[in-house]
Amino acid sequence: MSEQIREVASSVCDQIAQCESSADASLDSVPLSLLLDQASNADLETLLHNAARAKSELDVVLAAGAGVIAKRSSSELGHSGWAQSTGDRTAVNLLQRLTGSTKSEAFRQIRLGEAMGEADAATNPIGLPPIGTPTSPDPTLEPLIDPEGNHEVGPDPEAPPHVIALRPAPVVPWHEPLTRAVHDGVIRSEAVTIIMRGLGKPDDRVSDDMLRSAAREIISEAEGVNADELGVRARHLRDRIDPAGVEVRWTQRYENRKWRFGRAEDGTKNAYISFDEEGAAWMESIVGAAMRPRRGGPRFVDPVEAEKAEMLRLDSRSNDQIVYDILMAAMKTGVQADPSTTYGSRQPGIRVVMTEEGLENRVPDEDGSEYLVGTGYFEDSKDAVPGSMVEKQICISGISPILMDTSGTILDVGREQRLHTAKQRVAMAVRDGGCRIEGCDCPPSMTEAHHINEWVAHEGRTDLADGILMCPFHHTMVHVKKYRIVRIEGDYWAVPPPGVDGERVRVRMPSKSPLEKERLRKRAVAAAQNAAEAASRVTVRALTESDGMAEGSGGGRRVGENSVDPPPSRSTTEPDRNGLSGLSGLAGLAG
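This structure is a prediction, so every number in the text was calculated from the model and none was measured. (Residues numbered from 1 in each chain as written. Predicted model: local features only at pLDDT ≥ 70, side-chain atom pairs only at ≥ 80, totals over all residues. Heavy atoms only, no water.)

1. A closer look at the overall build of the protein
Put simply, the test is: Numbered from the N terminus, helices here are DSSP runs of H or I no shorter than four residues, and strands are runs of E no shorter than two. A contact between two residues is defined here by any heavy atoms of the two lying within 4.5 Å.
Each helix and strand counted, the protein has 20 helices and 16 strands in total. Across the protein, every contact between residues at least 6 apart in sequence was considered, and the portion connecting residues at least 24 apart equals 59%.

Pasting the structure below:
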């Protein structure tokens with residue numbers, strides 16, 4: 001551990017020293033910001049990468065130390081504990097005083113440290129006292145583990161001499177893969193608590209093994225992914241392995257909803273709001289629909305809409321002030337308002353998407369009536385929606401089916417029109433889940449449809465397979481930088497322009513949609529199962545032919561010449577029955 005920290009810290013120091021050597025010699029001391037301003041983009045990128053690595057390594061040290069502080073300051077120790085003995089009320093207060101961090105940061109470090117300590121103690125059991133010390137009954141012996149998995153603790157002071165006390169083998173916690181990934185440098189320490197919060201705790205529906213498998217799945221795809229995105233993936237994984245819990249969590253947030261008024265010291269009235277899921281989705285939709293031009297949303301083709309968007313962009317009010325005015329206007333006018341007056345052609349609304357398989361997932365109750373237990377998702381936020389709320393949305397808005405084949409291709413509409421239709425946009429939102437550029441979190445409502453084959457230059461079709469969603473920034477970048485978007489076996493890839501050496505390395509453009517991710521996961525599982533079955537058939541056929549050759553050499557008879565050795569049946573390729581046959585988007589447009 002010390003060598004890792006020394007190595008990465010040395011690289012940072014060496015790079016800063018290199019910048020200092022190239023600085024103006026007439027200056028005795030150059031401020032760091034001015035010093036780094038003289039570095040090239042490539043050198044600064046390397047420096048920041050190494051500095052982030054050093055910070056991550058030191059964060060592990062802080063977290064491990066915070067865990068020890070918590071252990072030595074437990075409530076059972078009372079005033080003899082470390083924290084209270086130094087005048088600090090809790091371990092969090094002690095860590096704040098030692099590090100100068102915020103209370104929330106100290107709490108996060110202690111929580112991570114406790115998780116690391118629990119995992120390390122379980123995977124590296126240490127006998128007390130260790131074998132080899134003078135107090136051990138036999139320093140030459142290896143640590144004792146009995147048939148039940150109990151580890152040696154040491155001589156029992158209340159037992160006869162040389163009687164060894166045992167303790168139960170520690171249970172490895174489900175989050176051990178996460179803390180191990182931090183030690184291995186796969187993820188940053190701050191990501192652990194975010195992932196753990198997203199995956200939740202084991203309960204009667206979700207076992208430790210299920211959470212451990214989920215943690216490993218996240219780690220396997222964590223390279224280059226920021227902590228916020230890992231948290232989103234963790235929440236989606238919990239929803240996938242715990243569909244019944246979606247309803248429970250939805251209900252809990254609904255029960256915790258509140259709107260509380262208060263007053264600041266200067267007399268200004270304020271409010272504190274805790275949203276339920278549906279209320280939050282509506283509020284985000286109302287604000288997002290009105291603020292799209294200001295936030296870099298899709299550009300308008302209609303000249304009237306384009307003029308309104310430009311006026312909002314040049315508005316002297318701050319974003320917070322505009323949001324306040326929008327919500328006040330919406331509440332004042334209420335249901336009597338003409339929504340097109342405030343929002344133009346892009347009116348607010350919420351849309352729930354769900355697979356056809358999920359829509360058919362129903363369970364009978366005691367009276368024999370069936371109710372929906374499948375899980376849907378809000379199109380923009382990707383938050384899970386329980387079956388009861390999906391059924392409510394169906395009652396309000398009905399269903400708009402969007403059929404896909406097993407490769408994710410949606411129906412075409414041909415080349416008769418230049419722009420994608422509203423229904424096609426809905427279908428692309430279900431498939432893409434937002435801007436397809438990896439790392440971009442722009443939701444579907446803020447994106448534009450891009451023809452992967454240019455309409456004029458490459459005779460592009462206005463088909464769903466030839467269209468993907470991109471935010472305005474990345475859409476412009478693709479055209480200006482001359483990127484090409486290609487579709488290979490249902491996956492989309494960005495092909496950059498030729499570099500100096502002519503190399504063009506494709507960059508994958510993964511979907512952000514939970515439904516599409518689940519479809520791809522099932523397709524991969526089905527492909528693995530089909531491959532295993534094919535390999536098994538080949539093995540059986542080879543063994544059968546081998547037995548037939550041996551028997552034929554003995555009696556001159558070939559396999560299949562009598563009823564005892566019937567001819568081997570010819571294998572046929574079976575259709576993929578495990579692919580997802582379709583997706584259904586439940587349209588919930590209001591206003």
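2. Some words on the packing of aromatic side chains
Note the cut-off: Between 30 and 60 degrees the pair is tilted, below 30 it is stacked and above 60 it is edge-to-face, where a pair is any two Phe, Tyr or Trp rings, Trp via its six-membered ring, whose centres lie within 6.5 Å. We call a charge positioned above a ring when the Lys NZ or Arg CZ atom is no farther than 6 Å from the ring centre and deviates by at most 35 degrees from the ring normal.
A complete count under the given rule lists two aromatic pairs for this structure. In this arrangement the basic side chain of Arg 506 is found over the ring face of Trp 493, its NZ or CZ atom lying 5.1 Å from the centre.

3. Description of the pattern of salt bridges
What counts here: A pair is scored as a salt bridge if a Lys or Arg side-chain nitrogen falls within 4 Å of a carboxyl oxygen belonging to Asp or Glu. When accessible area is computed with a 1.4 Å probe and restricted to protein chains, residues below 20% of their type maximum are described as buried, those above 50% as exposed, and intermediate ones as partly exposed.
Overall, the coordinates contain 23 salt bridges when judged by the stated rule. Arg 249 is the partner of Asp 239 in a salt bridge, and the nearest nitrogen-oxygen pair spans 3.0 Å. Residue Asp 239 is found in helix H10 (residues 227–241), and its partner Arg 249 is found in helix H11 (residues 243–255); the two are separated by ten residues along the sequence. Of the two residues, Asp 239 and Arg 249, neither departs from the other in class, the shared state being buried. If you follow the salt bridges from partner to partner, you end up with Asp 203, Arg 205, Arg 238, Asp 239, Asp 242 and Arg 249 in one network.

4. Digging into the environment of Val 225
Relative to the helices and strands, Val 225 is located in the loop between helix H9 (208–220) and H10. Spatially, the C-alpha atom of Val 225 lies 7.4 Å from that of Gly 439, the residues being 214 residues apart in sequence. If sequence neighbours within four positions are ignored, Val 225 has contacts with Leu 230 and Arg 233.

5. Considering a nonpolar patch on the surface
This is how the line gets drawn: Here the term patch refers to residues with relative accessible area over 30% and no salt bridge, with like charges joined within 9 Å and nonpolar side chains (Val, Leu, Ile, Met, Phe, Trp, Tyr) within 5 Å. Note on areas: Shrake-Rupley, 1.4 Å probe, and residue coverage restricted to the protein chains presented here.
Together, Trp 259, Phe 261, Ile 273, Phe 275 and Met 331 make up an exposed nonpolar region whose accessible area comes to about 540 Å². Tracing the backbone through its elements, the reader meets Phe 261 in strand E3 (residues 258–263). On the basis of relative accessibility, which here comes to 66%, the residue Phe 261 falls in the exposed class.

6. Quick look at the nonpolar core
Defined as follows: Definition of nonpolar core: a set of buried residues of the types Ala, Val, Leu, Ile, Met, Phe, Trp, Tyr and Cys, connected through side-chain atoms within 4.5 Å.
Grouped together as the largest cluster of nonpolar side chains are 26 residues, with contacts concentrated most on Leu 178, Ile 187, Ile 195, Leu 199 and Leu 230. For this core, the elements supplying multiple residues, two or more each, are helix H3 (41–72), helix H6 (103–123), helix H7 (176–183), helix H8 (189–199), H9 and H10. Not counting residues up to four positions away in its chain, the partners in contact with Leu 178 are Ile 187, Val 192, Ile 195, Met 196, Ala 215 and Ile 219. With 14 residues, the next largest nonpolar core counts Ile 437, Cys 471, Ile 485 and Tyr 492 among its residues.

7. Focus: the pairing of strand E13 (residues 484–488)
Each regular strand carries side chains that alternate between the two faces of the sheet. Here is the rule: Any two strands with at least two DSSP-identified bridges between them are counted as paired.
Both E13 and strand E14 (residues 491–495) contribute to a ladder of five bridges, which runs antiparallel. Following the sheet pairing, Ile 485 is matched in E14 by Ala 494. Hairpin connection of E13 to E14: two residues between the antiparallel strands, including Glu 489 at a positive phi of 50°.

8. Remarks on the confidence of the model for the protein
Defined as follows: Per-residue confidence from the predictor is reported as pLDDT, a score between 0 and 100.
Within the protein, residue pLDDT values average 75, and 70% of them lie at 70 or more. Averaged pLDDT values over the elements of the protein bottom out at 38 in strand E16 (residues 583–586) and peak at 93 in H9. Across residues 411–418, confidence stays below pLDDT 50; counting only partners more than four residues off in sequence or on other chains, it has 22 contacts. This stretch, residues 454–460, has a pLDDT under 50; its non-local contacts, to residues over four places away or in other chains, come to 13 contacts.

9. Quick word on the side chain of Ser 101
Stated precisely, the cut-off is as follows: Side-chain atoms alone can form a polar contact between residues adjacent in sequence; in general such a contact is a pair of N or O atoms within 3.5 Å, and within protein one must be able to donate a hydrogen while the other accepts it.
Looking at the secondary structure, you find Ser 101 in the loop between helix H5 (91–99) and H6. Judged by its relative accessible area of 18%, Ser 101 is buried. At 3.1 Å, the side chain of Ser 101 and the side chain of Thr 99 are in polar contact. Residues in contact with Ser 101, not counting those within four places in the same chain, are Gln 96, Ala 106 and Gln 109.

10. What about the packing of H10 against H11?
For any two helices packed against each other, one specifies the inter-axial angle together with the distance between the axes. Quick reminder of the rule: Comment: axis = line fitted to C-alpha atoms, over the contacting stretch for helices; angle = value between 0 and 180 degrees taken between N-to-C directions. Should an angle fall under 35 degrees it is taken as roughly parallel, and over 145 as roughly antiparallel, whereas 65 to 115 is taken as roughly perpendicular and any remaining angle as oblique. In this count, Pro and Cys sit with the nonpolar residues alongside Ala, Val, Leu, Ile, Met, Phe, Trp and Tyr, while Asp, Glu, Lys and Arg are called charged and the others, Gly among them, polar.
Between H10 and H11, the least distance of the axes is 5 Å, while the angle of their chain directions is 115°. Our classification of the angle between H10 and H11 gives roughly perpendicular. Of the residues in H11, those in contact with Arg 238, Asp 239, Arg 240 and Ile 241 of H10 are Pro 243, Val 246 and Arg 249. In terms of residue class, the contact of H10 with H11 is made up of three nonpolar, no polar and four charged.

11. Structural notes on the packing of helix H1 (residues 2–21) against H3
The line we're drawing: If you view the pair so one helix is near and one far, a crossing is left-handed when the near helix is turned anticlockwise from the far one by less than a right angle, and right-handed when it is turned clockwise.
Relative orientation of the contacting elements H1 and H3 amounts to 145°, with a least axis distance of 9 Å. When you trace H1 past H3, the crossing you get is left-handed. Residues Gln 4, Ile 5, Val 8, Ser 11, Val 12, Gln 15 and Ile 16 of H1 lie in contact with H3, whose contacting residues are Asp 43, Thr 46, Leu 47, Asn 50, Ala 51, Arg 53, Ala 54, Glu 57, Leu 58 and Val 61. Grouping the amino acids of the contact of H1 with H3 by side-chain chemistry returns nine nonpolar, five polar and three charged.

12. Details of H5
Which entries qualify depends on this criterion: What the arc describes is the spread of directions from the helix axis to the C-beta atoms.
Among the residues of H5, Ala 91, Val 92, Leu 94 and Leu 95 are the ones counted as buried. The buried residues of H5 occupy one face: seen down the axis, they fall within an arc of 160°. At its buried positions, H5 is contacted by H3, helix H4 (82–85) and H6. Two residues or fewer after H5 comes Gly 100, characterised by a positive phi angle close to 75°.

13. A closer look at the pairing of E3
With six bridges joining them, E3 and strand E4 (residues 269–274) adopt antiparallel strand pairing. Residue Phe 261 lies in a different strand from E4, and its bridge partner there is Ala 271. The hairpin turn running from E3 into E4, its antiparallel successor, is five residues long, and Gly 267 in that turn takes a positive phi close to 95°.

14. Quick look at H1
Here is the rule: Multiply 1.5 Å by the residue count of a helix minus one, and that product is the helix's expected span.
End to end, H1 covers 28 Å across 20 residues, agreeing with the expected 28 Å (1.5 Å per residue, within 8%). Ile 5, Val 8, Val 12, Gln 15 and Cys 19 are the residues of H1 that are buried. Take H1 and look down its axis: the buried residues cluster within an arc of 105°, on one side only. For H1, the exposed residues lying more than 90 degrees away from the buried face are Glu 3, Glu 7, Cys 13, Asp 14, Gln 18 and Ser 21. Tucked into the core, H1 has its buried residues touching helix H2 (32–37) and H3.

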